[in-house]
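Reading the structure
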Amino acid sequence: MQWRALVLGLVLLRLGLHGVLWLVFGLGPSMGFYQRFPLSFGFQRLRSPDGPASPASGPVGRPGGLSGPSWLQPPGTGATQSPRKVPQRSEPGVCGPAHWGYVLGGRDRGPDEYEKRYSGAFPPQLRAQMRDLARGMFVFGYDNYMAHAFPQDELNPIHCRGRGPDRGDPSNLNINDVLGNYSLTLVDALDTLAVMGNSSEFQKAVKLVINTVSFDKDSTVQVFEATIRVLGSLLSAHRIITDSKQPFGDMTIKDYDNELLYMAHDLAVRLLPAFENTKTGIPYPRVNLKTGVPPDTNNETCTAGAGSLLVEFGILSRLLGDSTFEWVARRAVKALWNLRSNDTGLLGNVVNIQTGHWVGKQSGLGAGLDSFYEYLLKSYILFGEKEDLEMFNAAYQSIQNYLRRGREACNEGEGDPPLYVNVNMFSGQLMNTWIDSLQAFFPGLQVLIGDVEDAICLHAFYYAIWKRYGALPERYNWQLQAPDVLFYPLRPELVESTYLLYQATKNPFYLHVGMDILQSLEKYTKVKCGYATLHHVIDKSTEDRMESFFLSETCKYLYLLFDEDNPVHKSGTRYMFTTEGHIVSVDEHLRELPWKEFFSEEGGQDQGGKSVHRPKPHELKVINSSSNCNRVPDERRYSLPLKSIYMRQIDQMVGLI
Ligand code: DMJ
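Residues numbered from 1 in each chain as written. Predicted model: local features only at pLDDT ≥ 70, side-chain atom pairs only at ≥ 80, totals over all residues. Heavy atoms only, no water.

1. Details of the overall build of the protein chain
A tally of helices and strands in the protein chain yields 24 helices and 22 strands. Looking at the 657 residues of the protein chain, the share that counts as buried comes to 59%. Restricting to contacts in the protein chain with at least 6 residues of sequence separation, those with at least 24 account for 69%. A total accessible area of about 25,600 Å² is found for the protein chain, and carbon and sulfur atoms account for 52% of it. (Helix = DSSP H or I, 4+ residues; strand = E, 2+ residues; numbered from the N terminus. Buried < 20%, exposed > 50% of the residue type's maximum accessible area, 1.4 Å probe, protein only. Contact = heavy atoms within 4.5 Å. Areas by Shrake-Rupley, 256 points an atom, 1.4 Å probe, with all protein chains shown as cover.)

Below, the structure written as structure tokens:
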């Protein structure tokens, strides 16, 4: 009798606990995620929107919520803190679900049981419903852009109008860095149309871009933004059109003659002046598409802006057989890399391109640095250059050593859960107590490198913030447990990580997260003609702006999360996403250096003293007369000032001089 009472008691206790967690997390009783992922920090412990966190609601044994002292202290100073050893993976991005099943499923259980436990937890009908909701979200934004804004750059979704560069106020960088008067939203959305299988609209949109978009504009844009949003999209769409397998349906264009590739080249050539007259090789942040670097331009650039151009520039170079673009982008990455701190290995967030002095000494994972790390790894995945992986691995280890606070393992051990903070690049000292919403991309990157367990934890932290506000505030202060900067411009980073974690784990938890995000976007940001930036994540007031990444990234990742059978997952081609969410197939062709064949085996030395191959003179002639693209072999460029290269590019390609 006593035995029965004990069993009954335990069952009731468990049911009660389940119910409490359900109420607290609001994730639905079918999920059962906590059984695998014991979050010893509670989502509920974040401060409520309109008041401080209850002192009693802090982490176990420590009143005061998430402002745990372990995040304020450098690694290695507390009992539970020591710099974490990074899991070593030789080949990033290639592990299959079985591997993740092991990582997540507890060491004593195999992936089969793991699969069994969670299959069916998110019914297929619901998944289809969510996929359609995500597609509807894209269509509503896209159709409204086409109806009310095209050919302007962006849609003002509240007043149903278009928006272009702010000519009246050139200092309005928030707008002018991004909007170049080149139908930005249409260009940026091209491959989302393909991913959603909409061939008729994709074909229509591509023709429209070819026939109406020009880069011969008096627009001063940020090199980084033009690269990731426009150049990247053109290259992605070009690859989709010319893919012999056509996995997304018929995305071919009748009489297509590589127009998008040539447009990409035209744009890239107009960006090249940014790489001239810079003493370090780090590019100027902005160029005028007609006239080059403006005379009064700023010599300071953020690390991510200058150091995340290699994926797009590298693809362009390898498709054209013209090493110019990859060379300048790679030179910038190396210049930044060489400026890292000798002590910590960290980089700052703002640098002077002439002196190489760090103007912003903050090192973190968010604004100013985010895609720098991302592109070290993604460049390696695409191009297979070992030095990119080596840089990434070293950067990742420094991040673990100096930025990561909290306990060593995500789901076990004592102390606060891991968090990546902002520190001084030279001393490793904490610089502030906020994290930004851009940082939410990092778990996705961790998935690619194989650090899934840590990714789960960091993602959970961001999701906790999302659940609190129905959006991610631009900055969240983890000590005050309140937003520091309140707007949310429909950013994709949390969805991106959610999608990648779902692909890695197949845990339905991530479908619930995606559903939650979709529903709050519908609830708080949908307006008359599209989706609007949240001005204030607490009072939910909106701003009349829909950034182009909403269609190119946020909607795409949401759609892909729920579209299990999408060719991105099932076609046999491996795809990688650029930092703007554009798909690029990872194939052998991009690992070839078309210009390499032009060099002899005779060695020489480059400016850094490294061995290089020297071309034979007769080979150079062949190269220069081989096409209407300006094929400049690498080593020849080493001996030329960049100015000459640029002049020749402009002269031959654009005819501006
Ligand atoms: C996008 O343009 C890209 O993802 C970029 O890398 C940083 N952030 C925005 C969206 O938030």
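2. With respect to helix H17 (residues 452–469)
Between the first and last C-alpha of H17 there are 26 Å, a value that for 18 residues agrees with the 26 Å anticipated at 1.5 Å per step. Counting buried positions along H17 gives 16 out of 18 residues, so the element sits mostly inside the fold. Looking one or two places after H17, you find glycine 470, whose phi comes out positive at around 70 degrees. (Expected span 1.5 Å × (residues − 1).)

3. Focus on the sheet that holds strand E7 (residues 358–360)
Strand pairs in the sheet, formed through backbone hydrogen bonds, run parallel or antiparallel to each other. Pairing is antiparallel in the open sheet, where 3 strands are placed in the order E5-E6-E7. Only two strands of the sheet have a single partner each, and these edge strands are strand E5 (300–302) and E7. Taken pair by pair, the neighbouring strands of this sheet meet at an average axis angle of 35 degrees, ignoring direction. When E5 meets strand E6 (residues 350–352), the two strands line up antiparallel, connected through 3 bridges. By the bridge assignment for E6, threonine 301 is matched with valine 351. (Pairing = 2+ DSSP bridges. Axes fitted to C-alpha atoms, helices over the stretch in contact; angles between N-to-C directions.)

4. Here's the deal with the pairing of strand E14 (residues 482–485)
In terms of strand pairing, strand E13 (residues 475–477) meets E14 through 3 bridges, oriented antiparallel. Within E14, the residue paired with asparagine 477 across the bridge is alanine 482. As consecutive antiparallel partners, E13 and E14 are separated by 4 residues, and within that stretch glutamine 481 has a phi angle of approximately 55 degrees, a positive value.

5. Points about the site of the ligand
Close to the ligand lie Ile228, Leu438, Arg491, Pro492, Glu493, Phe549, Glu553, Thr579 and Glu580. In the model, an oxygen atom of the ligand is placed 2.7 Å from a nitrogen or oxygen of the arginine 491 side chain. Take threonine 579: an N or O atom from its side chain is 2.7 Å from an oxygen atom of the ligand. For the ligand, whose accessible area on its own is 300 Å², the fraction buried by protein is 93%. For the shell around the ligand, the per-class residue count stands at 4 nonpolar, 1 polar and 4 charged. (Near = heavy atom within 4 Å. Polar contact = N/O pair within 3.5 Å; in protein donor to acceptor, adjacent residues only side chain to side chain. Nonpolar A, V, L, I, M, F, W, Y, C, P; charged D, E, K, R; others polar.)

6. Quick word on the UniProt feature "binding site: Ca(2+)" (unreviewed entry) in the protein chain
Taken from the UniProt record, the annotation "binding site: Ca(2+)" (unreviewed entry) applies to Thr579. Here threonine 579 shows up in the loop between strand E19 (575–577) and strand E20 (583–585). In this structure, threonine 579 is in contact with Ile228, Ser371, Glu374, Tyr375 and Glu553, ignoring residues within four places of it in sequence. Within the structure, threonine 579 has its side chain in polar contact with the side chain of glutamate 374 (distance 2.8 Å). (UniProt positions renumbered as here; feature names shortened; annotations may be inferred.)

7. Here we look at the packing of aromatic side chains
Within the structure shown, the criterion is met by 24 aromatic pairs. For the pair phenylalanine 275 and phenylalanine 313, a centre-to-centre distance of 5.7 Å together with 50 degrees between the ring planes defines the contact as tilted. Of this pair, phenylalanine 275 sits in the loop between helix H10 (259–271) and strand E4 (286–288) while phenylalanine 313 is found in helix H12 (residues 310–320), placing the two residues 38 residues apart along the sequence. For phenylalanine 313, a relative accessible area of 0% translates into the label buried. Feature note: the residues Phe392, Tyr396, Tyr420, Phe441 and Phe442 constitute an aromatic cluster, connected by ring pairs. In this structure, arginine 475 packs its charged tip against the face of tryptophan 434, placed 3.7 Å from the ring centre. Over the ring of tyrosine 524 we find lysine 540, and its NZ or CZ is 4.7 Å from the ring centre. (Phe/Tyr/Trp six-rings, centres within 6.5 Å; stacked < 30°, edge-to-face > 60°. Lys NZ or Arg CZ within 6 Å of the ring centre and 35° of its normal.)

8. Topic: the side chain of glutamate 547
Locating glutamate 547 in the fold gives a position in the loop between strand E18 (542–543) and helix H20 (549–562). A relative accessible area of 8% places glutamate 547 in the buried class. At 3.3 Å, the side chain of glutamate 547 forms a polar contact with the side chain of arginine 229. Look past the residues within four positions of glutamate 547 in its chain and what remains in contact with it is Glu154, Arg229 and Pro489.

9. Observations regarding the UniProt feature "active site" (unreviewed entry) in the protein chain
Sites flagged by UniProt as "active site" (unreviewed entry) map to Glu225, Asp370, Glu474 and Glu493. Mapped onto the elements, aspartate 370 comes out in helix H14 (residues 370–383). Taking relative accessible area as the criterion, aspartate 370 reaches 13% and is therefore assigned buried. In this view, aspartate 370 contacts Ala304, Leu365, Leu438 and Phe441; residues no more than four positions away in its chain are not counted. Checked against the element boundaries, glutamate 493 lands in helix H18 (residues 493–505). Apart from the residues lying within four places of it in its own chain, the contact partners of glutamate 493 are Ser437, Leu438, Ala440 and Phe441.

10. Examining the sheet that holds E13
Reading across the sheet, the 3 strands line up as E12-E13-E14 and stay open at both edges, with antiparallel pairing between neighbours. In this open sheet, the two strands that pair with only one neighbour each are strand E12 (434–436) and E14. Direction aside, the axes of adjacent strands within the sheet are offset by 35 degrees on average. Relative to E13, E12 is paired through 3 bridges, and the arrangement is antiparallel. Of the residues in E13, the one forming a bridge with aspartate 436 is arginine 475. Helix-sheet contacts for H17 involve E12, E13 and E14, and the interaxial angle to E12 is about 85 degrees.

11. A word on the confidence of the model for the protein chain
Per-residue confidence for the protein chain gives a mean pLDDT of 80, with 74% of residues at or over 70. The low-confidence segment residues 14–67 (pLDDT under 50) makes 101 contacts with residues lying over four places distant or belonging to another chain. The model gives residues 599–657 a pLDDT under 50, and that stretch makes 112 contacts with residues more than four places away or in other chains. (pLDDT = per-residue confidence, 0-100.)

12. Overview of unusual backbone geometry
The omega torsion across phenylalanine 150 and proline 151 is 10 degrees, close enough to zero to call that bond cis. Along the chain, the position of proline 151 falls in the loop between helix H5 (124–148) and strand E1 (154–156). Its identity is not glycine, yet asparagine 181 carries a phi of approximately 65 degrees, on the positive side. Following the sequence through the fold, asparagine 181 ends up in the loop between helix H6 (173–176) and helix H7 (184–195). You can call asparagine 181 partly exposed: its relative accessible area is 30%. Phi angles above zero are rare outside glycine, and glutamine 246 is one such case at about 45 degrees.

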